[in-house]
Amino acid sequence: MLKVQEIRELIKLIDQSNIDEFCYESNGTKVSMKKEQGPPVSEPVKVQESVQAPAPSQDQKNEPVKQEVQEQAEPEEAGKKEQQEANYDAEVTSPMVGTFYQSPSPDQGAYVQVGDQVKEDSVVCIVEAMKLFNEIEAEVSGEIVEILAKDGELVEYGQPLFRVKSK
């Protein structure tokens, strides 16, 4: 039988995932959960775009100066993103929805850090799903150039966790 805390964790995981419906049955006890269908992800983006393009008023004389500064900062950020993208050629992704852990236990060091060399069978992290701790292997040989997930963070299926520059 599931405990209340386990049910709460299930609700939290399902709420933060792409799963719409979940059923679990054990020893005559059945738990069913179903999400309500909300608006598609693309709708808030459309609303956000229209909100970001208000007509400028005459009282906002400093507004064009702010926009110029932002436009100058964007090419620098784009250059940094291009450097990061060119700095790797493989990603280690999460094979499931769960909680990301960099180390086997809180009192031990991380499996890997930026700059570490990994092999295809090297364990790089753990993803916990429903009290099961699953060791995730690199599946590529090379150097860890970026860690994308934070320790204790909920990760989705297929979410990139590490970037690796292969040998």
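Note that this is a predicted model, so its numbers are computed, not measured.

J.: Any chance you could explain the sheet that holds strand β6 (residues 123-129) here in plain terms?
T.: Adjacent strands of a sheet form backbone hydrogen bonds with each other and so pair up, either parallel or antiparallel. The strand order across the open sheet formed by 4 strands is β7-β6-β4-β9, and the pairing between neighbours is antiparallel. Across the chains shown, the open sheet's two edge strands, defined by having one partner strand only, are β7 (132-137) and β9 (154-155). Pairing geometry for strand β4 (residues 98-101) and β9, over 2 bridges, is antiparallel. Paired with Gly98 across the bridge in β9 is Val155.

J.: Just checking my understanding: could you explain the pattern of salt bridges for this structure?
T.: Once the charged atoms of two side chains with opposite charge are near each other, the side chains can pair. A full pass over the atoms with the stated rule returns 2 salt bridges. Measuring nitrogen to oxygen at the nearest pair gives 3.0 Å for the salt bridge that ties Glu146 to Arg163. Separated by 17 residues along the polypeptide, Glu146 in strand β8 (residues 142-147) and Arg163 in strand β10 (residues 160-166) bring together distant segments of the chain. Note on Glu146: relative accessible area 21%, which makes it partly exposed.

J.: Help me out: how do you make sense of the side chain of Ser103 in this one?
T.: Along the polypeptide, Ser103 turns up in the loop between β4 and β5 (117-118). According to the relative accessible area criterion, Ser103 is buried, its value standing at 11%. Within the structure, Ser103 has its side chain in polar contact with the backbone oxygen of Ser105 (distance 2.9 Å). Those residues in contact with Ser103 that sit more than four places away from it in its chain are Gln108, Gly109, Ala110, Tyr111, Ile126 and Asp151.

J.: Where do I start with the sheet that holds β10 in this structure?
T.: With antiparallel pairing, the 4 strands of this open sheet are ordered in space as β3-β10-β8-β5. With partners counted over all chains shown, the strands left at the sheet margins are β3 (90-93) and β5, one partner each. Bridging between β8 and β10 involves 5 bridges; their strand directions are antiparallel. By the bridge assignment for β10, Ile144 is matched with Val164.

J.: What's the story with helix α1 (residues 4-15) in this structure? I'm lost.
T.: Between the first and last C-alpha of α1 there are 16 Å, a value that for 12 residues agrees with the 16 Å anticipated at 1.5 Å per step. Among the residues of α1, those classed as buried are Leu10, Leu13 and Ile14. Axial view of α1: buried residues confined to an arc of 95°, hence all on one face. In α1, the exposed positions that point more than 90 degrees away from the buried face belong to Val4, Arg8, Lys12 and Asp15. Looking at the buried side of α1, the elements it contacts are β1 (21-26), β2 (29-34), β4 and β9.

J.: Explanation requested: the side chain of Thr99 in the structure shown.
T.: When you line up the elements, Thr99 lands in strand β4. Overall, the relative accessible area of 16% leaves Thr99 in the buried class. Contact partners of Thr99, with chain neighbours within four places excluded, come to Ile126, Val127, Glu128, Gly152, Glu153 and Leu154.

Reading guide: rules and limits
- Residues numbered from 1 in each chain as written.
- Predicted model: local features only at pLDDT ≥ 70, side-chain atom pairs only at ≥ 80, totals over all residues.
- Heavy atoms only, no water.
- Pairing = 2+ DSSP bridges.
- Helix = DSSP H or I, 4+ residues; strand = E, 2+ residues; numbered from the N terminus.
- Salt bridge = Lys/Arg side-chain N within 4 Å of Asp/Glu carboxyl O.
- Buried < 20%, exposed > 50% of the residue type's maximum accessible area, 1.4 Å probe, protein only.
- Polar contact = N/O pair within 3.5 Å; in protein donor to acceptor, adjacent residues only side chain to side chain.
- Contact = heavy atoms within 4.5 Å.
- Expected span 1.5 Å × (residues − 1).
- Arc of directions from axis to C-beta.

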